[in-house]
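Each chain, written out:
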Amino acid sequence: MKNIFVAGHNGMVGAAIVRQLSKRNDVVLITRTRQELDLTNQAAVSQFFVDSNIHEVYLAAAKVGGIHANNTYPAEFIYENLMIEANVINAAHANNVQKLLFLGSSCIYPKLAEQPMTEHALLTSTLEETNEPYAIAKIAGIKLCESYNRQYSRDYRSVMPTNLYGPHDNFHPENSHVIPALLRRFHEAAQSNASEVIAWGSGKPMREFLHVDDMAAASIHVMDLDDETYAANTQDMLSHINVGTGEDCTIKELVETVATVTGFKGNIKWDTTKPDGAPRKLMDVSRLHSLGWKHSYNLESGLKHAFDWFIANQDTYRMR
């Protein structure tokens, strides 16, 4: 039996990893809430690893937020994320945990990275200003893993997901990301028989979205790869792996699919006075495909699954 610690098990990705690992017969899952274990507390994390006999770690814990939160609290975003990853990765090493998977973010890539973004784009140019502190912390996490691998022959791997959505997402009306915000807004419009919903921008920008269950499956797949296969498809100091679908859609296509999934029958009006943002953000996932993994959810089936979860949990889970 393997004792596997999933850090951040109450978050969207961590919860998905727990759901999938819990189906295995050879795994004992170890989790701690934020109240039980403060991952920014080095002494507490060190003692936890001493006491727990952990064999593998999935490091999905992070301080996350949207553009407004990143802009308002940059010090907290860089400090807390640096502390979490430094404490967990070092404690894992100090207690002879050989395997660890660090979960990052596509924001590690330069603001003007060539599309689709390959792993080689890392550290080639300037980051997006609004979330630079968070991105710097995630880059540091990758380099922590690579440094422990180089110096101590650990097997610490990193995966960088595209935009995620699905069960346990944040559907708050003001603080959520684009897909949960749209699902909630179109559902409420459908329930009230609204004649129209206003969408921001022109609808022309293109974005990539990945269902969180696919992210969890990809994470476990990468963790379980044998050393020879992993080494043959990565580099010692460029070892992170993009996780996504390798496919994108326009915001217009996304909004229209959300309308279909939620049963909204009215009109969609585009407010072109609102900003579009970057014209395109797409991950190159050829490295992941070469390692034998591809996503299972298309956009419509994934949105329907996320919407069904929202409907089932809207009265109890972070909706207000």
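For the structure itself, consult the block above.
Residues numbered from 1 in each chain as written. Predicted model: local features only at pLDDT ≥ 70, side-chain atom pairs only at ≥ 80, totals over all residues. Heavy atoms only, no water.

Some thoughts on the pairing of strand S3 (residues 56–59)
No. 1: Side chains Glu56 and Tyr58 project from S3 onto one buried face, and the interleaved Val57 and Leu59 project onto a second face that is buried too.
No. 2: Where strand S1 (residues 2–7) and S3 come together, 4 bridges link them in parallel fashion. Across the sheet, residue Phe5 finds its bridge partner in S3, namely Val57.
No. 3: Alignment of S3 against strand S4 (residues 99–103), held across 4 bridges, turns out to be parallel. Note on S4: the bridge partner recorded for Leu59 is Phe102. (Buried < 20%, exposed > 50% of the residue type's maximum accessible area, 1.4 Å probe, protein only. Helix = DSSP H or I, 4+ residues; strand = E, 2+ residues; numbered from the N terminus. Pairing = 2+ DSSP bridges.)

Quick word on the sheet that holds S3
Sheet strands pair via backbone hydrogen bonds, and the direction of the pair is either parallel or antiparallel.
No. 1: One open sheet accounts for 6 strands, arranged S2-S1-S3-S4-S5-S10; its pairing is parallel. The strands lining the two open edges of the sheet, one partner per strand, are strand S2 (27–30) and strand S10 (241–243). Neighbour-to-neighbour, the strand axes of this sheet turn through a mean angle of 20 degrees, independent of strand direction.
No. 2: Relative to S3, helix H4 (residues 74–94) is tilted by about 175 degrees, and along the sheet it contacts S3, S4 and strand S5 (155–161).
No. 3: Sheet contacts for helix H5 (residues 132–152): S4 and S5; angle to S5, the most-contacted strand, approximately 155 degrees. (Axes fitted to C-alpha atoms, helices over the stretch in contact; angles between N-to-C directions. Contact = heavy atoms within 4.5 Å.)

So, the pattern of salt bridges
No. 1: Within this structure, the stated rule accounts for 12 salt bridges.
No. 2: The salt bridge involving Lys99 is made with Asp155; its shortest N-O contact spans 3.1 Å. Of this pair, Lys99 sits in strand S4 while Asp155 sits in strand S5; the two residues are 56 residues apart in sequence, bridging distant segments of the chain. The exposure classification of Lys99 matches that of Asp155, with both residues buried.
No. 3: For Arg184, the salt bridge is made with Glu188, and the minimal N-O distance between the two is 2.9 Å. Residue Arg184 and its partner Glu188 are located together in helix H6 (residues 178–191), separated by 4 residues, close to a single helical turn. (Salt bridge = Lys/Arg side-chain N within 4 Å of Asp/Glu carboxyl O.)

Side note on unusual backbone geometry
No. 1: Here the residue pair Gln115 and Pro116 is connected by a cis peptide bond, since its omega of -10 degrees sits within 30 degrees of zero.
No. 2: Among the structural elements, Pro116 can be located in the loop between S4 and H5.
No. 3: With a phi close to 60 degrees, Ser153 is a non-glycine residue in the positive phi region.
No. 4: By secondary structure assignment, the location of Ser153 is in the loop between H5 and S5.
No. 5: Here Ser153 falls in the exposed class, since its relative accessible area comes to 54%.

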